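If you want the building blocks of each chain, they are given just below.
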Amino acid sequence: MKIELTVNARRRSVEVSPDDYLVDTLKKLGYKSVRRGCDTTSCGVCTVLVDGDPIPSCAFLSVRADQRAVTTVEGIPETASALAEEFGQTGADQCGFCNPGIALTVHAMQEKESDTDDETIRRHLVGHLCRCTGYQSQHEAIKAYLGDEK
Amino acid sequence: MKKKTFKTVNTQFPSVDGKGIMMGRPAYTDDFAPVDALTIKVLRSPHPFARIASIDTSAAEAMEGVEIVLTHKDFKRNPFTRAGQGYPEPSPHDKFVLDEYVRYVGDEVAAVAAVDEETALSALDAIDVEYEVYEPVLDFESAKGHDSIIHPEKEVYEMFPIGFDPERNVAASYHMEIGDVEQTLAQSDVVVEETFYTQAQAHTMLEPHTVNAHIDYQDRLVLFSATQTPFHVRRILSQTLEVPISRIRVIKPRVGGGFGGKQAIHGEMLAAAVTLRTGRPSKLTYTRQEVFESSYTRHPMRLNIRIGSTKDGRLTALDLQGLSDTGAYGEHALTVYMVTGSKVLPLYNKVDAVRFAGDVVYTNHVSSGAFRGYGAVQGNFALESAIDKVADKLGMDPMALRQKNMILEGETSPIFEVMGEGTEGTAMDMESCKLDYCVKRGMELIGYEEKSPRREVSEHKIRSIGGAIAMQGSGIPYIDMGAATLKLNDDGFFNLTVGATDIGQGSDTILAQIAAEQLEVPLEKMVVYSSDTDLTPFDVGAYASSTTYVSGNAVLKAAQQMRSRLVEEAARSMQTSPEAIIYEDGRFEAEDGSPGIDLGELATKLYYNEDQKQLTTTGSYYGTKSPPPFMVGFVEIEIDRETGELDILDYVSVVDCGTTINPALARGQIEGGIVQGIGMALTEDEHYSKKGKLISKDFLNYKIPDNYTVKKLTTEFADSYEDSGPYGAKSVAEIGIDTPPAALANAVENALGVRIRSLPITPEKIVAALKESRTDT
């Protein structure tokens, strides 16, 4: 079956099976930043935004994306680039496999939350497992990024 | 100690690739899979121990879209080890690409390559296997001499003596004694004897094991692999599949974490075999379940320790004897176990006698292998837990006991000479050791005087402090070699190509910083590429805490040579002698004040105008010692005496890793290690069913720390300089993981008076121990 969606503000029309997941459909369309980490919606690596909300694309059926707006990290270069600067200052840029997903969640949080205190940041980011950093350097970097953006 | 005025090293720079990776640019192995690559899926054993009595693949092979099905019948019986070590390997050659025996639930039975994943999975279902099921060995303490022999095949062998005795299920064995331990213990005023257990821990790097293969236009086999050891992969593929090594190219793209898990060979053999036999590109990506079930874990161990002391707290003897579970295959069996002693026991170097011994046994569990800490974290848990027991028995403060006995700058330990990794060791003095400063500073940062050992904060809640010290190494002397090549380009920028393997730890960045420091150019003039077996020089890879020290020294040598070559060329251009040249910050000046020249101008002239030539230099390095980094870890916990639940309020690390080449990345290594160690200490555990099937094979059943686990991390570095290291640096990658298990166990005992001797330290175990202590009293 065919679905129509926008990916990073570009209209796409794509043939999918009813049991295809969005992560695989996006990979087929060439969005390489969308990667698999776990298959159980536990790790956050495959995060994309659907109509502005972060979702794990490994458990989101592609058919549900029909007529909706999908954003991958390729669609938010300013956020990703500015956030990378801050990650570089705290030592949070290690293996980077989780970083595109984190950038998308931070982007969505920024749109939604007026007050991004420590607890708000932790609550939004809790779905992103990281095995490299110990989290504190990421947290500091995200906080610095949000501070700079204000 | 050399003068420390640095321009580029000891400075915080963002990783050279951090921005591109955050922006989602193609970087990892799967990003480079050819679009027409066959998808490989592996049929895995449902039994912990069985022989494949018959296997029928005809239905699978007949399916449309199935290109090839491989079973043990398709491979010569040519045993290898997946360990991913130098040559000859200190691990037994006990693994076949595919074998007629399966030795754990998840072991490889057959592989299918098909046009897509769906077809490959359907083909797996169509393979008909009959198993002859054997009694598995599921308890490592009864493995030695068990009726079931896990490796009965005649072809397995050790490359040199490692105590390999497969008929008794022993993969490796080790014994050493310095002085007379029994006699010294008998004469000691106080003897503490304890037994500890450590568990299987999973690496859970977020990028699963991934490989893709194709035959290139020169008819060569090219692999992209998420590996820590591309040169070892090339060698082991060549030896095992009997393909000339000159026909193989292994490219390591950016790797999404490894922690030792990607030191080994995983999907490479099957991908290479599929592509060699079909001529078609192929790819193999482990599912998360396969990462848990079919790669390898940390070696679980039982460690029996005895410590002797005089009544005034001078330690007299250390005796550490244990048993290690290597699972189905013996990857790193001997070397991990040796590190359990060799990078732990020298912490207390002034004892009169020390012994270390034990067996590493096969079981029908998931294999064990290399994992950050590599035995040291297991040994540290036993030693540093037992040291607190000694202090308790002596009525002494545990940190005072450590300060009285621990290794100091200028000292040595006889263990360094006796124990290496798989072989004899190398004697060395501690030319840089600020452990005394680390302990003192750590006590200040955690507020030891006010807070230790415990304070009641409410009816149920107690806060307490626990501490531990640790050491590691910096590469394996006389074995690990790294090399680097520098190439001068026009306008005076450089390509730095290194065999060293950046897997996320930031080695590309810190190696570029070392070269930029020596050549006095800004970091952006140093363009770095790592780990392509055709295009970069050799390096053993990312393991044994070797990259900063070994590969960093290679980079420094290449840069020193480049610097003198540049001075010679500048002198020629300026018509003076090299001795008369002063080079600083990218400009050459003559002592006599005659006109100077910029590096960029000189480089362009060398390409196009004057005595044209390409300048390249190559440096290679192997260590003649392995200077240990040192650290102290202190944890402050708040624990509920009714439920056993605990919160980590602060984890203080003070680390001597010599000069930090990049303080932000060094912090990242320490904090990442600390939190992995906290996971090992508190929550992470591989659970098996009674029938030997792994239950914890996803992130729902295997709990790693998240961003709520630790309230605060406090990380500092001692002012230290290792003369033999590049710009004074030692390693920093592994040591962070060592202290949390013992520090947390010590904090729990300080809070509640119960000692947890098996990891992880769960609320259930704490509550059970409390109940038991109430019954006892």
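Residues numbered from 1 in each chain as written. Chains lettered and ligands numbered in written order. Predicted model: local features only at pLDDT ≥ 70, side-chain atom pairs only at ≥ 80, totals over all residues. Heavy atoms only, no water.

Caption draft 1: Main features of the overall build of chain A. Helix and strand counts for chain A come out as 5 helices and 5 strands. Each helix (α) and strand (β) of chain A, taken in turn from the N terminus, gives the series β-β-α-β-β-β-α-α-α-α. In summary, chain A has a C-alpha radius of gyration of 15 Å against a globular reference of 15 Å for 150 residues, a match within 12%. Projecting the C-alpha coordinates of chain A onto the three principal axes gives extents of approximately 45 × 30 × 25 Å. Counting only residues that meet the buried cut, chain A has 58% of its 150 residues in that class. Considering only intrachain contacts with a sequence separation of at least 6, the fraction spanning at least 24 residues in chain A is 59%. (Helix = DSSP H or I, 4+ residues; strand = E, 2+ residues; numbered from the N terminus. Rg over C-alpha atoms; globule rule 2.2 N^0.38 Å. Buried < 20%, exposed > 50% of the residue type's maximum accessible area, 1.4 Å probe, protein only. Contact = heavy atoms within 4.5 Å.)

Caption draft 2: Molecular detail of the overall build of chain B. Tallying secondary structure elements over chain B gives 19 helices and 27 strands in all. Since a compact globule built from 777 residues should have a radius of gyration of about 28 Å, the 27 Å found for chain B is in line with a globular shape. For chain B, the spread of C-alpha atoms along the three principal axes comes to 90 × 70 × 50 Å. Going through the 777 residues of chain B one by one, you find that 66% of them count as buried. As displayed, chain B has an accessible area near 26100 Å², and 48% of this comes from carbon and sulfur atoms. (Areas by Shrake-Rupley, 256 points an atom, 1.4 Å probe, with all protein chains shown as cover.)

Caption draft 3: Just the domain arrangement of chain B, in detail. Residues and elements named next belong to chain B. What the domain assignment lists for chain B is domain 1 (18-25 + 481-622), domain 2 (33-134 + 206-257 + 262-294) and domain 3 (301-476 + 625-776). For domain 1 versus domain 2, the separation of C-alpha centres amounts to 38 Å. Taken together, the 20 residues of domain 1 in the interface contact 21 residues of domain 2. The junction of domain 1 with domain 2 conceals about 1600 Å² of combined surface from both sides, 53% of it contributed by carbon and sulfur atoms. Counting the surface domain 1 buries against domain 2, the share from its top three residues, Ile503, Thr533 and Tyr543, is 37%. Taking the shortest distance from any N to any O, the salt bridge between Asp534 and Arg220 comes out at 2.6 Å. (Domains from an automatic or database assignment. Buried area = accessible area lost by both parts, 1.4 Å probe. Salt bridge = Lys/Arg side-chain N within 4 Å of Asp/Glu carboxyl O.)

Caption draft 4: Structural detail: the packing of helix 4 (residues 118-125) of chain A against helix 5 (residues 136-149) of chain A. Residue and element names in this part refer to chain A. Running from amino to carboxyl end, helix 4 crosses helix 5 at an angle of 115°, the nearest separation of the two axes being 11 Å. The two elements helix 4 and helix 5 cross, and the hand of that crossing is right-handed. Between helix 4, through Asp118, Ile121, Arg122 and Leu125, and helix 5, the contact on the second element is made entirely by His139, Ile142, Lys143 and Leu146. Residues belonging to the contact of helix 4 with helix 5 are distributed by class as follows: 4 nonpolar, 1 polar and 3 charged. (Axes fitted to C-alpha atoms, helices over the stretch in contact; angles between N-to-C directions. Left-handed = near helix turned anticlockwise from the far one by under 90°. Nonpolar A, V, L, I, M, F, W, Y, C, P; charged D, E, K, R; others polar.)

Caption draft 5: Quick look at the environment of Ile514(B). Residue and element names in this part refer to chain B. Within the secondary structure, Ile514 is located in helix 14 (residues 507-519). When its relative accessible area of 0% is taken as the criterion, Ile514 is described as buried. Between the C-alpha atom of Ile514 and that of Lys434, which follows or precedes it by 80 residues, the distance is 23 Å.

Caption draft 6: Broad picture of the pattern of salt bridges. Residues and elements named next belong to chain B. Under the criterion given, the structure shown has 76 salt bridges over all chains. The salt bridge involving Glu141 is made with Arg302; its shortest N-O contact spans 2.8 Å. Here Arg302 lies in strand 13 (residues 301-309) and Glu141 lies in the loop between strand 6 (128-133) and strand 7 (170-178), a separation of 161 residues in the sequence. Arg306 is the partner of Glu182 in a salt bridge, and the nearest nitrogen-oxygen pair spans 2.7 Å. Residue Glu182 is located in helix 4 (residues 181-186), and its partner Arg306 is located in strand 13; the two are separated by 124 residues in the primary sequence. Of the residues examined, Arg306 reaches a relative accessible area of 18% and is grouped as buried. In the salt-bridge network here, residues are joined through shared partners; they are Arg565, Glu568, Glu569, Arg572, Glu601, Lys605, Glu610, Asp611 and Lys613.

Caption draft 7: Highlighting the sheet that holds strand 25 (residues 630-640) of chain B. Residues and elements named next belong to chain B. Spatially, 16-17-25-26-27 is the arrangement adopted by the 5 strands of the open sheet, whose pairing is mixed. Every interior strand has two partners, whereas the edge strands, strand 16 (454-456) and strand 27 (713-717), have only one. Taken pair by pair, the neighbouring strands of this sheet meet at an average axis angle of 10°, ignoring direction. Relative to strand 17 (residues 461-471), strand 16 runs antiparallel, the two sharing 3 bridges. (Pairing = 2+ DSSP bridges.)

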